[in-house]
Amino acid sequence: MPYPDGECGEDVRTRVMKVIDDIKKQQYENVVIVTSGGTIAILLCEFLDLEQYKRFGIEIDNCSISIVKYDILNNNLTIKCINDTGHLEDLV
């Protein structure tokens, strides 16, 4: 269900996957996407072929880094890391 005057998870998934598809078409060597933890969880479910309701079981910390590698030749995504906060340890 969408929030009042907002989006539901499926709306977000549809919107962000259009962006991901556009990025893949551009064939950039490296891309950085900065977004909310909820959107990252939605993307991870999509990339891992998980049902979207499972995103509620994925915790993404503020300022964490998740890395996804795209193999253009095989049209394959590989999750390299999820929710890495090692760069924050000296700050806490």
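Read on for an overview of the structure. Since the structure is predicted, the reported quantities are computational estimates derived from the model, not experimental observations.

1. Quick word on the side chain of R55
Moving on, step 1. Examined against the element boundaries, R55 turns out to sit in the loop between α2 (37-47) and β1 (65-71).
Moving on, step 2. Of the side chains with opposite charge, E10 lies nearest to the buried R55, which makes no salt bridge, at 7.1 Å.
Moving on, step 3. Filtering out sequence-adjacent residues up to four positions away, R55 remains in contact with G9, A41, I42 and C45.

2. Observations regarding the pairing of β1
Moving on, step 1. In this structure, β1 lies alongside strand β2 (residues 76-84), joined through six bridges in antiparallel fashion. When the sheet's bridge partners are listed, D71 is paired in β2 with N76.
Moving on, step 2. The hairpin turn running from β1 into β2, its antiparallel successor, is four residues long, and N75 in that turn takes a positive phi close to 50°.

3. Overview of the packing of helix α1 (residues 9-26) against α2
Moving on, step 1. One can describe the packing of α1 onto α2 by two numbers: an axis separation of 10 Å at closest approach and a directional angle of 75°. Classed by the angle they form, the pair α1 and α2 counts as roughly perpendicular. Contacts from G9, V12, R13, V16, M17 and I20 of α1 reach α2 at T39, I42, L43, E46 and F47.
Moving on, step 2. In terms of residue class, the contact of α1 with α2 is built from seven nonpolar, two polar and two charged.

4. What about the side chain of T39?
Moving on, step 1. Within the fold, T39 resides in helix α2.
Moving on, step 2. According to the relative accessible area criterion, T39 is buried, its value standing at 12%.
Moving on, step 3. Setting aside chain neighbours within four positions, we find T39 in contact with V12 and V16.

Rules of the game
Residues numbered from 1 in each chain as written. Predicted model: local features only at pLDDT ≥ 70, side-chain atom pairs only at ≥ 80, totals over all residues. Heavy atoms only, no water. Helix = DSSP H or I, 4+ residues; strand = E, 2+ residues; numbered from the N terminus. Buried < 20%, exposed > 50% of the residue type's maximum accessible area, 1.4 Å probe, protein only. Lys, Arg positive; Asp, Glu negative; His and termini not counted. Salt bridge = Lys/Arg side-chain N within 4 Å of Asp/Glu carboxyl O. Contact = heavy atoms within 4.5 Å. Pairing = 2+ DSSP bridges. Axes fitted to C-alpha atoms, helices over the stretch in contact; angles between N-to-C directions. Parallel < 35°, antiparallel > 145°, perpendicular 65-115°, else oblique. Nonpolar A, V, L, I, M, F, W, Y, C, P; charged D, E, K, R; others polar.

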